[in-house]
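# Structural overview for review
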Amino acid sequence: MAALNRADKFTKLFKILRRHFEPIPTPPNRTLLENLLYACCLENSKFDAADEAFARLQQDFFDWNEIRVTTTQELADLMNGLFDPNDAATRLKRTLHSMFETHYSFEIDSLKKENLGKAIQHIGKFNGISPFVVGYVTQASLGGHSIAVDRALLALMQTLDLVTDKDIAHAQVPGLERAIPKNKGVEFFSLVHQLSAALFASPFSNDLRNMVIEVDVEAKNRFPKRGAKKLPTKPVAPPPAPVPPLPPATAKKGKPTVDKLEPGKKKLPAIDPKRKNPPSKKPDLKSAAKAPNKSESKMKKKPARGPSPSKQLARKKPR
């Protein structure tokens, strides 16, 4: 999309928002810490739900340290009016933990005296801080020009064809701060957040859809369809490949393989797998010793010959 068309669409969106919503100013008496924790509740939720949740936190707990040591489930039950109470409770608890481990207290108003870029960088290092919280604090407490971006706003900008998949991955809306001047930043944020949070909670509301169509007629083709299957957030692993059969040489012990014989061939005798040493072809010496010799047996069968008659007469001597 060309830069001129993008800027014109932001300007047109601002005009339509003014016709349907009333701006909500930021309370001037809040500290930097309070605006930071309030932003943890406001992300992806409506203003009235965030105001109610933030008021309960201040009334039901003694101080912020008691909230820090409270379980996430208890905080989520207390903030059940938000769009995602568990997400908000986790974000709030992690922020307080990280802040206490860094400063050993919850006094961070001194960051207002530092350079804007340095203060933003310092706040962004807290564990649990999201880009929405950084943008809200930059606008509400540090005097910078930054419009907070959350998932609800990204969904609205995607419907208006103002962001790409790469922009959504980086949680940014290119050209938004250039199209909206700094002196109108607080007003524009309060108006666009009302629309985006309401549409995020009720994506099939006809009144909200008509507001978006006023900005871009083609947006009606980008709205989510009822009953549409959500795309998987993680790639589905392919099914495992079939395991090839083991060859006869690597067959498991005790399970001899049976090979198919071709027609006309005789089957060899099976080998007992339990027998370690197959019978050798050498003759058994012990059995050979016991067996009679063929030549000896033939000689025994022949009758013994006596001496010749001449020899018999020679042996007989006269007395």
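What this report covers is the structure whose coordinates are included nearby. (Residues numbered from 1 in each chain as written. Predicted model: local features only at pLDDT ≥ 70, side-chain atom pairs only at ≥ 80, totals over all residues. Heavy atoms only, no water.)

### Some details on the overall build of the protein
Quick reminder of the rule: A run of H or I in DSSP becomes a helix once it reaches four residues, and a run of E becomes a strand once it reaches two; helices and strands are each numbered from the N terminus. The classification of residues rests on relative accessible area computed with a 1.4 Å probe and restricted to protein chains. Under 20% of the type maximum is buried, over 50% is exposed, and intermediate values are partly exposed. A contact between two residues is defined here by any heavy atoms of the two lying within 4.5 Å. All accessible-area figures derive from a Shrake-Rupley calculation using a 1.4 Å probe, and residue coverage is judged against the displayed protein chains alone.
A count of helices and strands for the protein gives 16 helices and zero strands. Here the protein holds 319 residues, and the buried ones make up 34% of them. Long-range contacts, defined as pairs at least 24 residues apart, comprise 65% of the intrachain contacts of the protein with a sequence gap of at least 6. As displayed, the protein offers around 22,400 Å² of accessible surface, 55% of which is attributable to carbon and sulfur atoms.

### Quick look at helix α9 (residues 151-159)
Since the α-helix advances by 3.6 residues per turn, residues separated by three or four positions end up pointing in the same direction. Residues A152, L153, L154, L156, M157 and T159 constitute the buried set of α9. The first or second residue beyond α9 is D161, which carries a positive phi of 60 degrees.

### Digging into the pattern of salt bridges
Spelled out, the test is: Whenever Lys or Arg places a side-chain nitrogen within 4 Å of a carboxyl oxygen from Asp or Glu, that contact is recorded as a salt bridge.
Enumeration according to the criterion identifies eight salt bridges in this entry. E187 serves as the salt-bridge partner of R18, at 3.2 Å between the closest nitrogen and oxygen. A residue pair is termed long-range when its members are at least 10 positions apart, and R18 in helix α1 (residues 3-20) and E187 in helix α12 (residues 185-201) qualify at 169 residues. Its relative accessible area of 22% is what places E187 among the partly exposed residues. Of the charged contacts in the structure, one is a salt bridge between E43 and R91, with a shortest N-O distance of 3.3 Å. One end of the pair, E43, is in the loop between α2 (32-42) and α3 (47-60); the other, R91, is in helix α6 (residues 85-103), with 48 residues separating them in the sequence. The pair E43 / R91 is uniform in exposure class, with both members buried. Through salt bridges that share partners, K9, D161, D216 and R222 make up one connected network.

### Overview of the nonpolar core
Worth spelling out the cut-off: We call a set of buried Ala, Val, Leu, Ile, Met, Phe, Trp, Tyr and Cys residues a nonpolar core when their side-chain atoms join them within 4.5 Å.
L36, L57, M79, M157 and F188 are the most contacted members of the largest nonpolar core, which has 73 residues in total. It is α2 that provides the largest number of residues to this core, a total of nine residues. Apart from residues no more than four positions distant in its own chain, L57 is found in contact with C41, I67, L75, L78, M79 and L92.

### Observations concerning the packing of α9 against α12
As a reminder of what qualifies: Here an axis means a line fitted to C-alpha atoms, over the contact stretch when the element is a helix, while the angle between two N-to-C directions is reported on a 0 to 180 degree scale. The labels follow the angle: roughly parallel below 35 degrees, roughly antiparallel above 145, roughly perpendicular from 65 to 115, and oblique for the rest. For this classification, Asp, Glu, Lys and Arg are treated as charged, while Ala, Val, Leu, Ile, Met, Phe, Trp, Tyr, Cys and Pro are nonpolar and the rest, including Gly, are polar.
Across the interface, α9 lies against α12 with an axial gap of 8 Å and an inter-helix angle of 90 degrees. The pairing of α9 with α12 is recorded here as roughly perpendicular in orientation. Taking contact as the criterion, the partners of R151, A152, L153, A155, L156 and M157 in α9 are, on α12, V192, L195, S196, A197, L199 and F200. Class assignment of the residues belonging to the contact of α9 with α12 gives a composition of ten nonpolar, one polar and one charged.

### As for α3
In plain terms, the rule: Multiply 1.5 Å by the residue count of a helix minus one, and that product is the helix's expected span. Directions are taken from the helix axis to each C-beta atom, and the arc is the one they span.
The terminal C-alpha atoms of α3 lie 20 Å apart, and with 14 residues this matches the ideal 20 Å at 1.5 Å per residue to within 8%. All of the buried residues in α3 are F47, A49, A50, A53, F54 and L57. On an axial view of α3, the arc spanned by its buried residues comes to 165 degrees, and they lie on one face. When the buried face of α3 is taken as reference, the exposed residues oriented beyond 90 degrees from it are D48 and Q59. Contact partners of the buried residues in α3: α2, α4 (64-68), α5 (72-78), α6 and α12.

### With respect to the state of the cysteines
To keep things clear, this is the line we draw: Two cysteine sulfur atoms form a disulfide, by the criterion used here, when they sit within 2.5 Å.
By the definition in use, this model includes zero disulfides. Just so you know, C40 is unpaired, no disulfide at all, and the nearest cysteine sulfur is the one on C41, 6.6 Å from it. On the basis of relative accessibility, which here comes to 1%, the residue C41 falls in the buried class.

### So, the packing of aromatic side chains
Definition in use: Pairing of aromatic side chains requires ring centres within 6.5 Å, counting the rings of Phe and Tyr and the six-membered ring of Trp. Pairs whose planes differ by under 30 degrees are stacked, by over 60 edge-to-face, and all others tilted. Either the NZ atom of lysine or the CZ atom of arginine qualifies as a charge over a ring when it sits within 6 Å of the ring centre and within 35 degrees of the ring normal.
For the structure on display, the rule yields ten aromatic pairs. On the basis of an interplanar angle of 85 degrees and a centroid distance of 5.7 Å, the ring pair of Y38 and F54 is categorised as edge-to-face. You can see Y38 sitting in helix α2 and its partner F54 sitting in helix α3, a full 16 residues away along the chain. Like F54, Y38 is buried. Taken together, Y38, F47, F54, W64, F132, Y136 and F189 form an aromatic cluster joined through their ring pairs. Of note, R30 hangs over the ring of Y38, and the distance from its end group to the ring centre comes to 4.0 Å.

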